[in-house]
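Chain and residue survey
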Amino acid sequence: MTRALVTGITGQDGSYLADLLLAKGYEVHGLIRRSSSFNTSRIDHLYQDPHEPDGRFFLHYSDLTDSSSLVTWLNRIRPEEVYNLGAQSHVGVSFEMPEFTADTAGMGTLRLLEAIRHAEWPVRFYQAGSSEMFGKVVESPQTERTRFQPRSPYAVAKVFGHQMTIQYREAYGLFAANGILFNHESPRRGPTFVTRKITRGVAAILAGREQKLYLGNLDARRDWGYAPEYVEAMWRMLQQPEPDDFVIATGEMHSVREFVDDAFALAGLDWQQHVEIDARYFRPTEVDELCGDASKARTMIGWEPKTTFHALVRLMLEADLREAGLDPSRLLTAATR
Ligand code: NAP
Ligand code: GDD
C-alpha cells in the first residue's frame, strides 16, 4: 500500500486530495495545525476510529514553520509520496502578513525538501506552485516557460518554493515536481476567496439575511477551474517516470464582474442592486489577468479540464443555497434567464 504525507490537508485541495488518494487505496497521513477551535470540517467525513485495525487515514500535529516536527513525522511515516499543499494562501492577507506568508509558503517548502533530502528511502515530492508567480504577465497565455514577475509577498514566496524544488531536483536528484496551478474553486473553497464570497453572498441575499455584498476589483481576470480535477493532476505528476513542472489551467479567462453577473443572474437578481465596491478589498499591487496553457499537461500526463466556467458558478451556488437551507432547484436555467 502506498503511503502519502499531505501538508495543508485541512484546506480545500488537501481535502479533495485525501478523498482521491483514499479512493486509490493509499494510506493517507495529514499534518494539521493546532487550533483553538476545530479546523477539520473539510475532512471530518474521512474520520476513522484510530483503533480500527484497517484504518488508512491519520492526522498528526505539525506546522510548516516547525522543522523538527516535519522531520519527525517524515521519518515515522516513511511516505513514498509527499504533497506540500500547506501555506498562508490568501494573496490579500500576504500584504498584511508577509513574514508569516514567506515562512509557510517559502521556507516551509525548503524545510520539507531538506527533510526529504536526508530520507533513506525514495520519496516523490509535489510542490503546490501558483499562477500568481506570473504576476504582471509578460505573455498570454502563460506556459511553463513564461518568466515570473510576482506582485505580492505570497507570489514571491511561491517563486522561492518553486525554484528551491528545481534546485533540490537538480542538485540532489530528488523526484520533485512543481505544479503551476491556476485558480481552482469548489464548494469547499475558503469563504474569503472571491468566487466563494460571491456564491455565499448570493445565497445570503436570497435567504434574506443580507442585502449587500462588498467586493474589490471587479476588472481582474482569472482562469478558474474545478478543484477536484486539479488534485488529480497533482497525483498524475508524481506517477511519471521523471519529475517535471506542469501548468494546470482551463485556458479560459473571465473577469470577477462576469462571475458576479453569472451568479446573480442564476438567482434571478440584478447584481447592480446588491454589489458595493469597498476599497478595503483592493490590493497594493494587483495581478490584472491570468490565463494558462496546459498543453504540456495534456500531452505528457493526459490531464485536461472538464468543468466549464458556467458549470462551476452553478455548482458552487447550488451548494451554498443548500447550506443556507434553500432549494437549489429555484436557480434559473440558462434558457430562462
Ligand atoms: P487553503 O484552503 O487556504 O488551505 C491551506 C492549507 O494550509 C490549510 O490546511 C491550512 O491549515 C494550511 N496551513 C496554513 N498555514 C500553515 C502552517 N503554518 N503550517 C502548516 N499548514 C498550514 O488553500 P488551497 O486552496 O487548498 O491551496 C492549497 C495549496 O495550493 C496552497 O499552498 C496554495 O497556496 C496553493 N495554490 C492554490 C490555488 C487555488 O486556486 N486554490 C492555486 C495555486 C496554488 P488551516 O486549515 O489550519 O488554516
Ligand atoms: N479575495 C477577494 N475578495 N478578492 C477580490 C475581492 C474580494 O472581495 N474583490 C475582488 N477581488 C479580486 C482580487 O483582487 C483578485 O484580483 C481576484 O478577485 C481573485 O482573488 P482571490 O479569489 O482572492 O484569488 P487570487 O487569484 O488572489 O489567489 C488565489 O489563486 C491563486 C492562483 O492564481 C489563491 O487561491 C492563491 O492561493 C492561488 O495561488
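How each quantity is defined
Residues numbered from 1 in each chain as written. Chains lettered and ligands numbered in written order. Predicted model: local features only at pLDDT ≥ 70, side-chain atom pairs only at ≥ 80, totals over all residues. Heavy atoms only, no water. Helix = DSSP H or I, 4+ residues; strand = E, 2+ residues; numbered from the N terminus. Rg over C-alpha atoms; globule rule 2.2 N^0.38 Å. Buried < 20%, exposed > 50% of the residue type's maximum accessible area, 1.4 Å probe, protein only. Near = heavy atom within 4 Å. Polar contact = N/O pair within 3.5 Å; in protein donor to acceptor, adjacent residues only side chain to side chain. Domains from an automatic or database assignment. Contact = heavy atoms within 4.5 Å. Areas by Shrake-Rupley, 256 points an atom, 1.4 Å probe, with all protein chains shown as cover. Nonpolar A, V, L, I, M, F, W, Y, C, P; charged D, E, K, R; others polar.

This paragraph deals with the overall build of the protein chain. From N to C terminus, the protein chain includes 10 helices and 13 strands. For the protein chain, whose C-alpha radius of gyration is 20 Å, the value lies close to the compact-globule estimate of 20 Å for 337 residues. Dimensions of the protein chain along its principal axes, counting C-alpha atoms only, are 60 × 50 × 40 Å. Classification of the 337 residues of the protein chain by burial places 54% in the buried group.

Taken together, 23 residues form the shell around ligand 2, and within it Ser130, Ser131, Tyr154, Arg283 and Glu286 come nearest. Taking Asn183, its side chain carries an N or O atom lying 2.7 Å from an oxygen atom of ligand 2. Looking at which domains feed residues into the shell around ligand 2, each of domain 1 (3-185 + 224-248) and domain 2 (194-221 + 253-286 + 309-331) supplies at least three.

Now for the side chain of Thr307. Relative to the assigned elements, Thr307 resides in the loop between helix H9 (295-301) and helix H10 (309-323). Exposure remark for Thr307: the relative accessible area of 17% places this residue in the buried category. Within the structure, Thr307 has its side chain in polar contact with the side chain of Glu229 (distance 2.5 Å). When near neighbours in sequence (up to four residues on either side) are disregarded, Thr307 contacts Tyr226, Glu229, Leu312 and Leu315.

The subject of this paragraph is the site of ligand 1. Taken together, 25 residues sit near ligand 1, with Thr10, Arg33, Asp63, Ser89 and Tyr154 positioned nearest. A distance of 2.7 Å separates an oxygen atom of ligand 1 from a polar side-chain atom of Arg33. Protein coverage of the free-state accessible area of ligand 1, which is 900 Å², stands at 88%. When contributions to the shell around ligand 1 are tallied by element, the ones reaching two or more residues are helix H1 (12-23), helix H4 (98-117), strand E5 (124-130) and helix H5 (153-172). With three residues, E5 is the largest single contributor of residues to the shell around ligand 1. Grouping the amino acids of the shell around ligand 1 by side-chain chemistry returns eight nonpolar, 12 polar and five charged.

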